[in-house]
Amino acid sequence: ILVLLVKWVEARAKRQTTAAIRALHARQPDMAHVVTREGEQDLPIAEVLVGDQLVVKPGERFPVDGALLEGHTQVDESMLSGEPLPVAKDAGDKLTGGSINGEGRVLMQVSAVGAETVLAAIIRLVEDAQAAKAPIQRLVDQVSAVFVPVVLGIALVTLIGWMASGAPFEAAMIPAVAVLVIACPCALGLATPAAIMAGTGVAAQHGILIKDAQALELAHQVDTVAFDKTG
């Protein structure tokens, strides 16, 4: 029951983390207003190519990374910088997919699509942080590699000892199983990855990106935090 409970907690942490990644994906629009020879057409993001020219209307999210060709606007880039105030953009300035266009109708030229966009790199960073093993987790694996065979050996010796003393097999199994249950290292193997996944998932929901599991583990040593205000 204890193992099943820990497994349920780990699965719940995975769902929360997956939801955080889905929320990052949701920042990218599904369609883009592409300027073609036939005029402006709405096409799926998957059909947008580097070099295409896109129209972005007021209040819409920029579908991909690019540069501003025509127009002037204010862009909400809080998803990247945390800066709540919009940033002025003129012709030639860089635009990041997922950021929000202000009141201006602008024309942009695509510089990156798909996995090459900044937003895709952020999502990849979160996924890599969850997949990586922290130093403490590698230590746990090393300990478990030695600890488990030792515990199995002790349980076997206990079983043989009780049977050698005249106890029936069923009675000898009880103390042997007790050794296994009490010494089970499940908490070592399950708690660490579950904590890492939960930590990175909750952080992503709050706009905090953790580069890797080692950074998360070392965060408890931080005694001073310096904030750099954008601009």
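Structure: above.
For clarity, every value in this text was computed on a predicted model and none was experimentally measured.

Focus on the overall build of the chain
- Within the chain, the secondary structure is distributed over seven helices and nine strands.
- Within the span of the chain, comprising 231 residues, buried residues form 32% of the whole.
- For the chain, contacts bridging at least 24 residues in sequence account for 67% of all contacts bridging at least 6.
- For the chain, the computed accessible surface area is about 14,000 Å², with 63% contributed by carbon and sulfur atoms.

A few points about the sheet that holds strand E3 (residues 53-56)
- The strand order across the open sheet formed by six strands is E2-E1-E3-E9-E4-E7, and the pairing between neighbours is antiparallel. The outermost strands of the open sheet, each flanked by one partner alone, are strand E2 (39-44) and strand E7 (94-95).
- By the bridge criterion, two bridges tie strand E1 (residues 31-36) to E3 in an arrangement that is antiparallel. Pairing of Val34 across the sheet is with Leu54, part of E3.

Focus on the pattern of salt bridges
- Taken as a whole and judged by the stated rule, the model has two salt bridges.
- Where Arg105 meets Glu40, a salt bridge forms, and the shortest distance between an N and an O atom there is 2.8 Å. Taken together, the residues span a long stretch of sequence, with Arg105 in the loop between strand E8 (100-101) and strand E9 (106-112) and Glu40 in strand E2 at a distance of 65 residues.
- Relative accessible area serves as the criterion here: at 38%, Glu40 is assigned to the partly exposed category.

Considering the nonpolar core
- Of all hydrophobic cores here, the largest spans 15 residues; its most connected members are Val48, Leu54, Phe62, Val64 and Met108.
- For this core, the secondary-structure elements that each account for two or more residues are E1, E3 and E9.
- In terms of residue count, the dominant contributor to this core is E9 (three residues).
- Beyond its immediate sequence surroundings of up to four residues, Met108 is in contact with Asp52, Gln53, Leu54, Val56, Phe62, Val64, Asp65, Gly66, Ala67, Leu68, Leu69 and Leu95.

Focus on helix H5 (residues 169-183)
- Taking 1.5 Å per residue, 15 residues should reach 21 Å; H5 reaches 21 Å between its end C-alpha atoms and fits that length.
- Among the residues of H5, Ala172, Pro175, Ala176 and Ala183 are the ones counted as buried. Here the buried residues of H5 occupy an arc of 95 degrees about the axis, which is enough to place them on one side. Those residues of H5 that are exposed and aimed more than 90 degrees away from the buried face are Glu170, Ile174, Val181 and Ile182.
- For H5, the secondary structure elements touched by its buried residues are helix H4 (135-164).

Structural notes on the sheet that holds E8
- Spatially, three strands are ordered E6-E5-E8 in an open sheet, and the strand pairing comes out antiparallel. Bordering the open sheet on either side are strand E6 (87-89) and E8, each of which pairs with just one other strand.
- For strand E5 (residues 73-76) and E6, the ladder comprises three bridges, and the chain directions are antiparallel. Opposite Val75, over in E6, you have Val87 as the bridge partner.

Points about the environment of Ala26
- You can see Ala26 is positioned in the loop between helix H1 (2-25) and E1.
- Since its relative accessible area comes to 58%, Ala26 is described here as exposed.
- Taking the C-alpha atoms as reference points, Ala26 and Gly98, 72 residues apart in sequence, are found 8.6 Å from one another.

Some words on the packing of H4 against H5
- For the pair H4 and H5, the least separation of the axes is 8 Å and the interaxial angle reads 160 degrees. Put simply, H4 runs roughly antiparallel to H5. The two elements H4 and H5 cross, and the hand of that crossing is right-handed. Taking contact as the criterion, the partners of Phe147, Val151, Leu152, Ile154, Ala155, Thr158, Leu159, Trp162 and Met163 in H4 are, on H5, Phe169, Ala172, Met173, Pro175, Ala176, Val179, Leu180 and Ala183.
- Split into classes, the residues belonging to the contact of H4 with H5 amount to 16 nonpolar, one polar and no charged.

Procedures and definitions
- Residues numbered from 1 in each chain as written.
- Predicted model: local features only at pLDDT ≥ 70, side-chain atom pairs only at ≥ 80, totals over all residues.
- Heavy atoms only, no water.
- Helix = DSSP H or I, 4+ residues; strand = E, 2+ residues; numbered from the N terminus.
- Buried < 20%, exposed > 50% of the residue type's maximum accessible area, 1.4 Å probe, protein only.
- Contact = heavy atoms within 4.5 Å.
- Areas by Shrake-Rupley, 256 points an atom, 1.4 Å probe, with all protein chains shown as cover.
- Pairing = 2+ DSSP bridges.
- Salt bridge = Lys/Arg side-chain N within 4 Å of Asp/Glu carboxyl O.
- Core = buried A, V, L, I, M, F, W, Y, C linked by side-chain atoms within 4.5 Å.
- Expected span 1.5 Å × (residues − 1).
- Arc of directions from axis to C-beta.
- Axes fitted to C-alpha atoms, helices over the stretch in contact; angles between N-to-C directions.
- Parallel < 35°, antiparallel > 145°, perpendicular 65-115°, else oblique.
- Left-handed = near helix turned anticlockwise from the far one by under 90°.
- Nonpolar A, V, L, I, M, F, W, Y, C, P; charged D, E, K, R; others polar.

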